[in-house]
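# Secondary and tertiary structure notes
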Amino acid sequence: MSRKSRVEGRGLAASTTRVVAKASKLRPRLAIVLGSGFGPVLERVEVEKEIPYAKLPGFPQTAVPGHAGKLVLGKLGGTPVAVLSGRAHYYEGHSMAEVTFAVRVLAEFGIRDLLLTNAAGGVNRRFRPGDFMRLTDHLNFMGTNPLRGPCPPGLKRFLDLSQVYDPALGGLLDKAARTARVRWHRGVYLALSGPTYETPAEIRAFAKLGADVVGMSTVPEAIVARHLGLRVAAVSCISNQAAGLSPHALSHDEVLATAKDASRHTGALLEEFARLYGRP
Ligand code: HPA
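Now for a quick tour of the structure.

The subject of this paragraph is empty space enclosed by the protein. For the structure on display, the rule yields 2 cavities of 30 Å³ or more. One number sums up the size of the largest cavity: a volume of about 100 Å³. Lining the largest cavity are 14 residues; nearest its centre among them are Gly-86, Arg-87, Ala-88, Val-99 and Ala-102. Going through the elements one at a time, α2 (96-99) and α3 (101-109) are the ones with two or more residues in the lining of the largest cavity. Classifying every residue of the lining of the largest cavity by side-chain character gives 9 nonpolar, 2 polar and 3 charged. Its boundaries defined by the atoms lining it, the second largest cavity holds a volume of some 30 Å³. The dominant element in the lining of the second largest cavity, judged by the number of residues it contributes, is α3, at 4 residues. Grouping the amino acids of the lining of the second largest cavity by side-chain chemistry returns 8 nonpolar, no polar and no charged.

If you check the shell around the ligand, you find Ala-119, Ala-120, Gly-121, Tyr-197, Glu-198, Val-214, Gly-215, Met-216, Ser-239, Asn-240, Leu-250 and Val-255 and nothing else. Gly-121 is positioned with one of its backbone polar atoms (N or O) 3.3 Å from a nitrogen atom of the ligand. Between the ligand and the protein, one listed contact pairs a nitrogen atom with a side-chain N or O atom of Asn-240 at 2.7 Å. Protein chains shield 95% of the accessible area of the ligand, which is 260 Å² for the free molecule. Elements with a minimum of two residues in the shell around the ligand: β5 (113-122), β8 (213-215) and β9 (231-241). Top element by residues in the shell around the ligand is β5. It accounts for 3 residues. Split into classes, the residues belonging to the shell around the ligand amount to 7 nonpolar, 4 polar and 1 charged.

Attention now goes to the pairing of strand β1 (residues 30-34). Of all 5 residues that make up β1, 5 are buried, and the element is covered over most of its length. Burial along β1 is two-sided: the face carrying Leu-30, Ile-32 and Leu-34 and the face carrying Ala-31 and Val-33 are both buried. In the sheet, β1 pairs with strand β4 (residues 79-85) via 5 bridges, with the strands oriented parallel. Within β4, the residue paired with Ile-32 across the bridge is Val-83. Pairing between β1 and β5: 4 bridges, direction parallel.

Turning next to the environment of Ala-177. With respect to the helices and strands, Ala-177 occurs in helix α4 (residues 167-180). In sequence terms Ala-177 and Leu-269 are 92 residues apart; their C-alpha atoms lie 5.7 Å from each other.

Another point: the packing of aromatic side chains. Counted under the stated rule, the structure contains 4 aromatic pairs. When the centroid spacing of 4.9 Å and the interplanar angle of 50 degrees are considered together, the rings of Tyr-53 and Phe-59 count as tilted. Here Tyr-53 matches Phe-59 in class, with each residue buried. On the numbers, 6.4 Å between centres and 40 degrees between planes, the contact of Phe-273 with Tyr-277 is tilted. Of this pair, Phe-273 and Tyr-277 are both found in helix α8 (residues 263-278), 4 residues apart, which corresponds to roughly one turn of the helix. For the pair shown, Phe-273 and Tyr-277 are each scored as buried.

Conventions used here
- Residues numbered from 1 in each chain as written.
- Predicted model: local features only at pLDDT ≥ 70, side-chain atom pairs only at ≥ 80, totals over all residues.
- Heavy atoms only, no water.
- 1 Å grid on protein atoms, 1.4 Å probe; cavity = no way out; pocket = protein on both sides within 12 Å on 5 of 7 lines; lining within 4 Å.
- Points joined across faces, edges and corners; volume = space filled by probe spheres on them.
- Helix = DSSP H or I, 4+ residues; strand = E, 2+ residues; numbered from the N terminus.
- Nonpolar A, V, L, I, M, F, W, Y, C, P; charged D, E, K, R; others polar.
- Near = heavy atom within 4 Å.
- Polar contact = N/O pair within 3.5 Å; in protein donor to acceptor, adjacent residues only side chain to side chain.
- Areas by Shrake-Rupley, 256 points an atom, 1.4 Å probe, with all protein chains shown as cover.
- Buried < 20%, exposed > 50% of the residue type's maximum accessible area, 1.4 Å probe, protein only.
- Pairing = 2+ DSSP bridges.
- Phe/Tyr/Trp six-rings, centres within 6.5 Å; stacked < 30°, edge-to-face > 60°.

Take a look at the structure:
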């Protein structure tokens, strides 16, 4: 995206926000981005309004199986929420501005807290498919940064990332994980551009660098959300052991199949988190 279109992009976020605001009277403070395999969470949402991404100017169309594109306004665990079902990925060819556009709209809409979810490969040898991990920090190996380029007036040029993932929201996730009885970890997410999976040599290197899981999303949205002053929390569902740690080859089908098996736990975890968020 050119400088001009990025500046226009900010105006577009404001006009897309008006479309969302007109669709419903609901004004949630919490938004949840559903990653690969987290879609079944929607079955637990009391839906007030669904808006397909096609009706939201600036929202990129996503084409990855398991990533249906719609914005849902409703209640989860009795708490008003905005749910983004499906996200745009950098590996699809979208620019970082496009990948993070939805977060700008959410911030403009009045969202204060953002829960990002994803499927990830387990680098930590203690992690098993079907386990969950909340992010305590990340390593950005995507080769770019979503804040590269002109800095909007009033926002920080050099953003502090000492604490991207909010400890208070993390505490609520820990509590929700105990109630939902999921196998639970805390750790570091390493983000790559994809779309290939990693080589075993890369995974051995990333383990030495401190990564617990690897994935292809979440970090751009987390950075932009922090820039806009939102509190951020993030959860990975471990869909597979990373390359070289298990005898078989990796596939997106395996990622989706594990996520599907874990969907009852995923739903219980997110519903309990939303409930606790509404009444801590
Ligand atoms: N690597 C990168 N991204 C992923 C993986 C993986 O093993 N599993 C799910 N998303």
